[in-house]
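# Residue-level structural notes
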Amino acid sequence: MAALAGLAGRRNGPPLFVKSFVDVPADDLFDAEAEGLGVLRDLGAVATPDVVVATHDLLVLSVLRPRPEQETFWEELAHALARMHTTTVHDGFGWSRDNWLGRYRQENAWTDDGYEFFARRRLLRWLPERRVRAALDEQDRQALERLCERLPDLLPPRPACLTHGDLWAHNVLATADGRPALIDPAVSYTWAEVDLAHLWCSPHPPEAQRFFDVYAQLTGLDDDWRARMPIIQLRQHLAVIAQFDHDWGAAEQVRAILKPFRR
C-alpha cells in the first residue's frame, strides 16, 4: 500500500508535509528515511526537506516546491548528483543498517564485492517475495541467477559511492529558491549507476535529457552506458512487482531483459 501523505496547516508557521501508513511495517521505517535525508544533505551536499518529526507512526517534513520545467534545473541536478557520486567513494558496498525501499526492507549487509552485493542484496533478495514468486516462473528465476553469475562480464567494475537508491523523477522536487531537492531516499553505498538507471529507465520529462548529457560529461561515462541501464534497473522492476498487485509492466520488462539468459 502507498503512503498516506498531505499538507498540515499550522497557526503560527508555514504548512508541513506529513507522511504515514495505515499500518506501519516496522518501527524504524521513518527513522531510516529521516537518516537518509540527513545523509544526502550533510554528506552528499544535496538539498532535502528538513525533518521536523520522525516517529514510529509518521514523518513530518518541511514543504518543497514542484520542480520547474526547465533544462537548467536538470543541469543543476546533474552537477549535484555527479558531485555526490564522485566525492563519496567508499571501500565497501552496503550501509550501517538495513533501511527501506517503499514498504520492503532493503538489505545492506557489507561486502567489498560490488557484483556480489548487487546480485544478493538488490536482485536475488526479491525472489522469495510472494508477488515475485507468482509473477516469475522457474525458468525466469534460473535466468536471473545466470545473469547474476555473469554480472562481471556484463557490467564494468565501479566503486561504491553514496546513492539515493530510489531516484526517479517523482522524487525530484525543488527548494523555495528553485534548487533541485530529493525526497524518499533508500540510501546505501553502491554503484552510482543505480541512481542513473532509475532516472533513465523510468518516465521523465523531455527537459530531463539535459541531465543525462551533463552527468555523462561530468563523470566521464563511456559510450555504452545506456546499454547497461536495463540490467541495473532489474532491481527496481523486481521491487515494483513485490510491492504492488498491478506492476505497470514490470514483469514483462524483467522477462524481456532475462530472455538472453533463458535456456
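The following paragraphs examine the structure supplied in this document. (Residues numbered from 1 in each chain as written. Predicted model: local features only at pLDDT ≥ 70, side-chain atom pairs only at ≥ 80, totals over all residues. Heavy atoms only, no water.)

According to the stated counting rule, one finds 20 salt bridges in the structure shown. A salt bridge links D222 to R158; its shortest N-O distance comes to 3.1 Å. In this pair, D222 sits in the loop between α8 (209-219) and α9 (225-243) while R158 sits in the loop between α6 (151-154) and β7 (161-163), placing the two residues 64 residues apart along the sequence. Take D222: its relative accessible area is 28%, and that puts it in the partly exposed class. In this structure, R179 and D177 form a salt bridge, with 3.3 Å as the shortest nitrogen-oxygen distance. A cluster of three or more residues bridged by salt bridges with shared partners is formed by D28, D31, E35, R97 and R105. (Salt bridge = Lys/Arg side-chain N within 4 Å of Asp/Glu carboxyl O. Helix = DSSP H or I, 4+ residues; strand = E, 2+ residues; numbered from the N terminus. Buried < 20%, exposed > 50% of the residue type's maximum accessible area, 1.4 Å probe, protein only.)

Attention now moves to the packing of aromatic side chains. Remark: the centre distance and the inter-plane angle together describe each pair of aromatic rings, the angle taken between the planes. Counted by the stated rule, this structure contains 16 aromatic pairs. Geometrically, the ring pair formed by F93 and W191 is edge-to-face, given 6.4 Å between the ring centres and 80° between the ring planes. Of this pair, F93 sits in the loop between α2 (71-87) and β5 (99-101) while W191 sits in the loop between β10 (188-190) and α7 (193-201); the two residues are 98 residues apart in sequence, bridging distant segments of the chain. The burial state of F93 is the same as that of W191; both residues are buried. One aromatic cluster in this structure is built from F73, W74, W200, F211, F212, Y215 and W225. Here the guanidinium or amino end of R125 rests over the ring plane of W126, the centre of that ring lying 4.0 Å away. (Phe/Tyr/Trp six-rings, centres within 6.5 Å; stacked < 30°, edge-to-face > 60°. Lys NZ or Arg CZ within 6 Å of the ring centre and 35° of its normal.)

For Q236, the location among the structural elements is in helix α9. Given the relative accessible area of 10%, Q236 is considered buried. Leave out the neighbours within four places in its chain, and Q236 touches L101, G165, D166 and H198. (Contact = heavy atoms within 4.5 Å.)

F211 and Y215 are the most contacted members of the largest nonpolar core, which totals 68 residues. Here this core gets ten residues from one element, more than from any other, and that element is α9. Contact partners of Y215, with chain neighbours within four places excluded, come to A78, L81, A82, H85, A192, L196 and L221. Membership of the second largest hydrophobic core comes to eleven residues, among which are A26, F30, A34 and L59. (Core = buried A, V, L, I, M, F, W, Y, C linked by side-chain atoms within 4.5 Å.)

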